[in-house]
Amino acid sequence: MAALLEVKQVWKEYGSSIVLEKLNLSVKEGEFCTIVGTSGCGKTTFLRMLLGEEGPTRGSLLLDGKPMPAEPGPDRGIVFQRYSVFPHMSVLDNVTFGLEVTRSPLLGRLFGGARRKARDEAAAMLAQVGLSQALERYPSELSGGMQQRLAIAQALIKKPRILLLDEPFGALDPGIRADMHALVLRLWKESGLTIFMITHDLKEGFKLGTRLLVFDKPRLDAQAPNRYGATITYDLAIDRQEPALLEEIQGAVTETSRFNDQQ
Amino acid sequence: MKKRIINRLPGQGAAAVLGLLPFLLLLLAYAWGSQVRLEANPEDKLLPALSSLAAAVERVALEPNRRTGELQLWADTAASLQRLGIGLAVASLLALVTGLATGMVPYVRAALAPFVRVLSMVPPMAILPILFIVFGLGELSKVVLVVLGIAPCMMRDLQQRVMELPSEQLVKAQTLGAHSGQILWRVVMPQTLPRLIDSLRLNLGPAFLFLIAAEAIAAESGLGYRIFLVRRYLAMDTILPYVVWITLLAFLMDMALRGVSRWAFPWFHQGKERA
Ligand SMILES: Nc1ncnc2c1ncn2[C@@H]1O[C@H](COP(=O)(O)OP(=O)(O)OP(=O)(O)O)[C@@H](O)[C@H]1O
Ligand SMILES: [Mg+2]
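This one's a predicted model, so the numbers in the text were calculated from it and none came from an experiment.

1. Section: the overall build of chain B
- When helices and strands are counted, chain B shows 12 helices and 0 strands.
- Going from N to C terminus, chain B has its helices and strands arranged as α-α-α-α-α-α-α-α-α-α-α-α.
- Scaling as 2.2 N^0.38, a compact globule of 275 residues should have a C-alpha radius of gyration of about 19 Å, whereas chain B reaches 23 Å, well beyond that.
- By its C-alpha atoms, chain B is 75 × 70 × 30 Å across when sized along the principal axes.
- Counting only residues that meet the buried cut, chain B has 41% of its 275 residues in that class.
- Sequence-distant contacts in chain B: of pairs separated by 6 or more residues, those separated by 24 or more amount to 68%.
- Entry remark: accessible area of chain B is about 15800 Å², with carbon and sulfur atoms responsible for 69%.
- Distance between charge centres in chain B, computed from 26 positive and 17 negative side chains, equals 11 Å.

Right, here's the structure in full:
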C-alpha cells in the first residue's frame, strides 16, 4: 500500500532560528501516530504544516503522492488545545456547521427539511461522543472535557482522512482522560482514520498509538540554542510496552527540557 | 479576618444606594449654590432655583411655542434624534463593512488600513466648514459630520476586534470545508456584531458632541441649536434641563444597546462582567 503521507527532508525555519530539521517520515492510511517532545520543539509547527497552514522552508510534504495543499481543507481535521469550537454557536450548530457549508455552498445555511436532516446527523454524531444532553448549550457553558468532545465530533462529521489532535486532553483530569482515550480509540477503529496526536504524556502516547514519534534536538549547542532544530529521534512501532525504552525516551526528552530551561 | 478592600463586594442594595449617591450630592450642591446666589442677588441667572427649572421644563415640554405652535422640546428632540440616528446607522454600517474587510482580507487590509488610520486623525471639527460648503447648511452636512466624526475610529476598532478572533477558529472553519464567504457570514460576522454594539456604545458620546457642534453652528431646530440660541439670553433655566435631557437620552440609548446585545448575543455575555 502506498503511503498516505510522505515527509521528505523537511526543514522549518523562522528567520534565523531553525525549529525542525531533516524530518523524514512515511505514514500509511489508518496509522495512529502519537507525537511527544519537549515544549517548544516544534510539534505544533509540524501539525500546522500537515494542515497546510504553514509550508516547509525546505523539503517536500506529499499527501497521496501529491504536494500538500497550501491551505487547510476538509480532508484534514483538527482539534486544537483551545479555541477549537465556535463560541457563538450552540453545541448542535457547531457540528451542523460542517454539513451546512458543503450542502449550501452560497450561504452555508440550510433551511426546512435539509436543515432538519443535517441536524439529525449532527445529533447522532454528538450522541457518539456523549453530548446528547447538551445540544442547545453554548460552549462557554461546557466543561473542558465536553468542549474537547465537541471539537472531536465537529471534526469527525466531515469524515476527514487525517485527524490532527494537538494536546487535546492536556487540561483534563485523569478520569475524564481515560474516557476520552476510550472514545478516540473507538472512533479511530470504526472509521479507519489516520491520526496524529501530540501529547506531553509518554504513557498516553504508548497507550493510544500504533506508532510513537519523538521530536527532540539531537544536538544541543549552549552558544546558539536555535542553531539546530528538532528532528524525529525515535520512530517506534508500538506493539507492547517496553519499560526500559520508555525510560530511555523520558530521559532524553527531560535532558533537552532542562537544557531549554537553562537558556 | 478583615478582607482586603479589593475583595470586599457591596450587596445589591448597597450598590444601588452608592450608585445614586453622587447624583444626589450633585443635586444638593446645586440647590445650595443656587440658594446662596439668589439670596445675594434675586436677579442672578446663572443658577436658577429648582422651581424655575421646573417651570421652564413645563413651558418647553408641554406648552406650544408661541411662534411655531410646536411643543419645542419634542420638536428639537425629534430633529436631533433623526440626524443622530441616521449618522449612527451609517457609521455602524461603514464600520462593519470596512472592519470585516480589513480584518479578514490581507489585501484589503494592505490597501485600506493605513488610509483609515490617517482618516481617523483628521479633526472632524476642522473640516466642518468644508462640509457646510459641500453639503449645504441642511440636514446632510450635520449627518455627515456625525459619520465622519465616529466612523473612522469605529472602523479601526472593528478591524482590531476581527483580527483578535483566535486564528484557530479560522483554521477550524477551513478544515470543515468553508470558503471565505461562508467564514465571513457564519463565523466572523456573527462574532463581530456584539463588538460593533460595544463600539457604538462607546461612540455615543462623541456622536452627540459632533451633532451638537453642527447644530450650534447652523440649524433651525435641534437640541444643540436651542441651547446655543437661548445662550444669548443667558437662559440657564432652559439650557440646564436640555443638558440633562441630552444626557438622559444618551444614557437610555446606551442601556438599550446593552439590552439588545444581551438579548441577541447571550454567548457574548456569559461568565463575563461587561460594563
Ligand atoms: N509564527 C512563528 N514565528 C516565529 N517563531 C515561531 C512561530 N511559530 C512557532 N515559532 C517557534 O517555533 C518553536 C516551536 O513552536 P511550537 O509551537 O511548534 O512548539 P511545540 O512543540 O508545539 O511546543 P508546546 O509543547 O509548548 O506546544 C518555538 O520556539 C516557537 O517560538
Ligand atoms: Mg504546541
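Here the narrative resumes, following the displayed structure.
2. Side note on the interface of chain B and chain A
- With 21 residues of chain B in contact, the opposing surface of chain A contributes 35 residues.
- Viewed at the interface, chain A and chain B are joined by 1 salt bridge.
- A:Glu100 serves as the salt-bridge partner of B:Arg186, at 2.6 Å between the closest nitrogen and oxygen.
- The tally of links between chain B and chain A comes to 13 residue pairs in polar contact (both at pLDDT 80 or more).
- Counting only elements with at least two residues in the side of chain B that touches chain A, the list comes to helix H7 (167-175), helix H8 (180-202) and helix H12 (266-269) of chain B.
- Considering each element in turn, the side of chain B that touches chain A owes the most residues, 7 residues, to H7(B).
- Here the side of chain B that touches chain A is built from residues that sort into 10 nonpolar, 8 polar and 3 charged.

3. Concerning the site of ligand 1
Residues and elements named next belong to chain A.
- In the vicinity of ligand 1, the contacting residues are Tyr-14, Val-19, Thr-38, Ser-39, Gly-40, Cys-41, Gly-42, Lys-43, Thr-44, Thr-45, Glu-167 and His-200.
- Interatomic distance of 2.9 Å between a backbone N/O atom of Gly-42 and an oxygen atom of ligand 1.
- Contacts to ligand 1 include Lys-43, whose side-chain N or O atom sits 2.7 Å from an oxygen atom.
- Protein chains shield 58% of the accessible area of ligand 1, which is 640 Å² for the free molecule.
- No other element matches helix H1 (residues 43-51), which puts 3 residues into the shell around ligand 1.

4. Looking at the sheet that holds strand S2 (residues 17-27) of chain A
All names here are of chain A.
- In spatial order, the strands read S2-S1-S4-S5; together these 4 strands make up an open sheet with antiparallel pairing. Every interior strand has two partners, whereas the edge strands, S2 and strand S5 (66-67), have only one.
- Where strand S1 (residues 5-14) and S2 come together, 7 bridges link them in antiparallel fashion. Bridge pairing in S2 links Val-7 to Leu-25.
- Across the sheet, H1 lies against S1, S2 and strand S4 (58-63), angled at about 120° from S1, the strand it touches most.

5. Side note on the sheet that holds strand S3 (residues 32-37) of chain A
All names here are of chain A.
- The strand order across the open sheet built from 6 strands is S6-S7-S8-S3-S9-S10, with neighbouring strands paired in mixed fashion. Two strands bound the open sheet, and with one partner strand each, they are strand S6 (76-79) and strand S10 (231-237). With direction set aside, neighbouring strand axes in the sheet form an average angle of 15°.
- Looking at chain direction, S3 and strand S9 (residues 211-216) are connected through 5 bridges and run parallel. Bridge pairing links Val-36 to Val-214 in S9.
- This element, helix H4 (residues 144-156), spans S6 and strand S7 (162-166) of the sheet and lies at about 175° to S6.

6. Brief notes about the environment of B:His179
- Relative to the helices and strands, B:His179 is located in the loop between H7 and H8.
- With a relative accessible area of 36%, B:His179 lands in the partly exposed category.
- Beyond its immediate stretch of four places on either side in the chain, B:His179 contacts A:Pro105 and A:Leu106.

7. A look at the packing of aromatic side chains
- As enumerated under the stated definition, the model contains 7 aromatic pairs over all chains in all.
- Plain terms: the ring middles of A:Phe32 and A:Trp188 are 5.4 Å apart, the flat faces sit at 70° to each other, and that makes the pair edge-to-face. Highlighted residues: A:Phe32 in strand S3 and A:Trp188 in helix H5 (residues 174-191), separated in sequence by 156 residues. Across the pair, A:Trp188 and A:Phe32 agree in class, each one buried.
- On the numbers, 5.7 Å between centres and 90° between planes, the contact of B:Trp74 with B:Trp245 is edge-to-face. In this pair, B:Trp74 is assigned in helix H3 (residues 72-104) and B:Trp245 in helix H11 (residues 236-264), connecting sequence segments 171 residues apart.
- Note on B:Trp74: relative accessible area 40%, which makes it partly exposed.
- An aromatic cluster of three or more residues is present, and its members are A:Phe46, A:Phe196 and A:Phe215.
- Note that A:Arg58 overlies the ring of A:Trp11, its terminal NZ or CZ placed 4.5 Å from the centroid.

8. Details of the domain arrangement of chain A
Residue and element names in this part refer to chain A.
- Parsing chain A into structural domains produces domain 1 (5-75 + 160-261) and domain 2 (88-158).
- Its C-alpha centre places domain 1 at a distance of 28 Å from the equivalent point of domain 2.
- On the domain 2 side, the residues contacting the 14 residues of domain 1 number 10 residues.
- Of the roughly 990 Å² buried at the junction of domain 1 and domain 2 (both faces included), carbon and sulfur atoms supply 75%.
- Contact with domain 2 buries surface across domain 1, with Pro-160, Met-180 and Leu-187 losing the most and accounting together for 38% of the total.
- Here domain 1 and domain 2 share 2 residue pairs in polar contact (both at pLDDT 80 or more) between them.
- The class makeup of the residues in the side of domain 1 that touches domain 2 is 12 nonpolar, no polar and 2 charged.

Criteria and thresholds
- Residues numbered from 1 in each chain as written.
- Chains lettered and ligands numbered in written order.
- Predicted model: local features only at pLDDT ≥ 70, side-chain atom pairs only at ≥ 80, totals over all residues.
- Heavy atoms only, no water.
- Helix = DSSP H or I, 4+ residues; strand = E, 2+ residues; numbered from the N terminus.
- Rg over C-alpha atoms; globule rule 2.2 N^0.38 Å.
- Buried < 20%, exposed > 50% of the residue type's maximum accessible area, 1.4 Å probe, protein only.
- Contact = heavy atoms within 4.5 Å.
- Areas by Shrake-Rupley, 256 points an atom, 1.4 Å probe, with all protein chains shown as cover.
- Lys, Arg positive; Asp, Glu negative; His and termini not counted.
- Charge placed at Lys NZ, Arg CZ, Asp CG, Glu CD.
- Salt bridge = Lys/Arg side-chain N within 4 Å of Asp/Glu carboxyl O.
- Polar contact = N/O pair within 3.5 Å; in protein donor to acceptor, adjacent residues only side chain to side chain.
- Nonpolar A, V, L, I, M, F, W, Y, C, P; charged D, E, K, R; others polar.
- Near = heavy atom within 4 Å.
- Pairing = 2+ DSSP bridges.
- Axes fitted to C-alpha atoms, helices over the stretch in contact; angles between N-to-C directions.
- Phe/Tyr/Trp six-rings, centres within 6.5 Å; stacked < 30°, edge-to-face > 60°.
- Lys NZ or Arg CZ within 6 Å of the ring centre and 35° of its normal.
- Domains from an automatic or database assignment.
- Buried area = accessible area lost by both parts, 1.4 Å probe.

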